[in-house]
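# Fold and contact review
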Amino acid sequence: LQGLKSGSDLLKLGINEDNRPLLLQGWKTLEKNQVRIYDLVMDMLSYSKEREPSLEETDLTAVANDVIELLEGRAKELNIKIEKKYDPQWKPWQADAEGLHKALLNIVSNAVDALQETPDAKVTISTLLENNGRWAQLVVQDNGPGIPPEIQANIFKPFVSTKGSKGTGLGLAVSRKIMREHGGDVILHSSVGHGAKFILRLPLPASDAAGQRRTMLIDESPAGA
């Protein structure tokens with residue numbers, strides 16, 4: 001809110017003085033802080049509201065591509081490479097597309113933030129089926145500084161942030177809440193100096209899981225079997 005006030009003051013000054021640079025500076029300040037307020041409000045709503053996932057046929061690779069598209073510009077500015085590795089066996093199944101998009105966006109955004117001081121920085125987004133075909137994974141892995149154990153213990157708690165005043169401390173809590181609403185979870189693997197890996201696990205509905213297992217068995221059978 002203070003940022004909005006500062007931006008408004010700059011706009012008013014720019015209008016009074018007919019000063020285009022001041023107008024542009026004021027607009028940029030307003031725009032930046034509107035985004036911050038929007039993110040904070042949406043995270044608070046997502047965390048506080050109990051809801052059932054709105055299930056629809058969802059292609060998680062399309063969800064991942066949408067997230068990458070949103071963050072590609074900022075990643076390029078910071079010289080961060082975003083790489084994707086998708087399991088070719090994946091097919092659409094029932095899930096809450098909007099919720100999964102939010103959960104993944106929060107985690108990939110955090111990875112980009114964590115890599116700002118990392119040389120040859122890279123974020124890899126992978127999709128895969130676990131061996132039994134009953135669970136799907138969206139994996140976000142970075143080659144950043146890693147997360148110390150003492151921070152890992154509390155990182156999914158609401159209002160805990162490693163970004164200081166820049167973070168709301170709700171992003172990871174919201175992501176875990178969304179995945180648990182689906183019957184899944186978010187799992188963290190990290191050690192200092194070796195980056196961080198966040199695994200978003202999603203259970204497949206029984207019918208989808210059976211179909212995925214049949215596909216895997218056919219694909220893995222010897223030719224002519």
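For the structure itself, look to the data block above.
Let me sum up the structure you'll find in this document.

So, how was this worked out
- Residues numbered from 1 in each chain as written.
- Predicted model: local features only at pLDDT ≥ 70, side-chain atom pairs only at ≥ 80, totals over all residues.
- Heavy atoms only, no water.
- Phe/Tyr/Trp six-rings, centres within 6.5 Å; stacked < 30°, edge-to-face > 60°.
- Helix = DSSP H or I, 4+ residues; strand = E, 2+ residues; numbered from the N terminus.
- Buried < 20%, exposed > 50% of the residue type's maximum accessible area, 1.4 Å probe, protein only.
- Lys NZ or Arg CZ within 6 Å of the ring centre and 35° of its normal.
- Expected span 1.5 Å × (residues − 1).
- Bend = angle between axes of the 7 residues up to and from the residue.
- Pairing = 2+ DSSP bridges.
- Axes fitted to C-alpha atoms, helices over the stretch in contact; angles between N-to-C directions.
- Contact = heavy atoms within 4.5 Å.
- Left-handed = near helix turned anticlockwise from the far one by under 90°.

### Observations regarding the packing of aromatic side chains
- Using the criterion set out here, one finds one aromatic pair in the structure.
- Ring geometry for Phe156 against Phe198: centres 6.3 Å apart, planes inclined by 80°, an arrangement best described as edge-to-face. Of the two residues, Phe156 is situated in the loop between α5 (149-152) and α6 (171-181) and Phe198 in strand β7 (residues 196-203); the sequence distance between them amounts to 42 residues. Considered together, Phe156 and Phe198 belong to a single accessibility category, that of buried residues.
- When the ring centre of Phe156 is taken as reference, the NZ or CZ atom of Arg176 above it lies at 3.8 Å.
- The ring centre of Trp135 lies 3.9 Å from the NZ or CZ of Arg201, which sits over that ring.

### Points about helix α4 (residues 97-114)
- Across its 18 residues, α4 extends 26 Å between first and last C-alpha, which sits within 8% of the 26 Å expected from 1.5 Å per residue.
- Turning to α4, its buried residues number three or more, namely Ala97, Gly99, Leu100, Lys102, Ala103, Leu104, Leu105, Asn106, Ile107, Val108, Ala111 and Val112.

### Describing helix α3 (residues 60-77)
- A rise of 1.5 Å per residue sets the reference length of α3, with its 18 residues, at 26 Å; its end C-alpha atoms lie 26 Å apart and thus fit the reference within 8%.
- The sharpest bend along α3 measures roughly 45° and falls at Leu71.
- Looking at α3, one finds that the buried residues are Leu60, Thr61, Val63, Ala64, Val67, Ile68, Leu71 and Ala75.
- Phi for Asn79, located one or two positions after α3, is positive at around 60°.

### Here we look at the sheet that holds strand β2 (residues 81-85)
- Spatially, five strands are ordered β2-β4-β5-β7-β6 in an open sheet, and the strand pairing comes out mixed. The two strands at the open ends of the sheet, each matched to only one other strand, are β2 and β6 (185-190). Strand-to-strand, the axes of this sheet are offset by a mean angle of 15°, without reference to chain direction.
- As judged from the five bridges shared by β2 and strand β4 (residues 122-129), these two strands associate in the parallel manner. Opposite Ile82, over in β4, you have Val123 as the bridge partner.
- Against the sheet, α6 contacts β6 and β7, and its axis sits at roughly 130° relative to β6.

### Describing the pairing of β7
- β7 sits mainly inside the fold: six of its eight residues count as buried.
- For strand β5 (residues 135-142) and β7, the ladder comprises eight bridges, and the chain directions are antiparallel. Considered in β7, the bridge of Gln137 is made with Arg201.
- Examined bridge by bridge, β6 and β7 share six bridges and lie antiparallel to one another. Its bridge partner lying in β7, Ile187 is registered against Ile199.
- From the end of β6 to the start of β7, which pair antiparallel, there are five residues, and Gly193 there has a positive phi angle of about 90°.

### What to know about the packing of α4 against α6
- In contact at an axis separation of 9 Å, α4 and α6 are set at 145° when each is read in the N-to-C sense. For the pair α4 and α6, the crossing hand works out as left-handed. Facing α4, whose interface residues are Gly99, Leu100, Lys102, Ala103, Asn106, Ile107 and Asn110, α6 presents Gly171, Leu172, Val174, Ser175, Ile178 and Met179.

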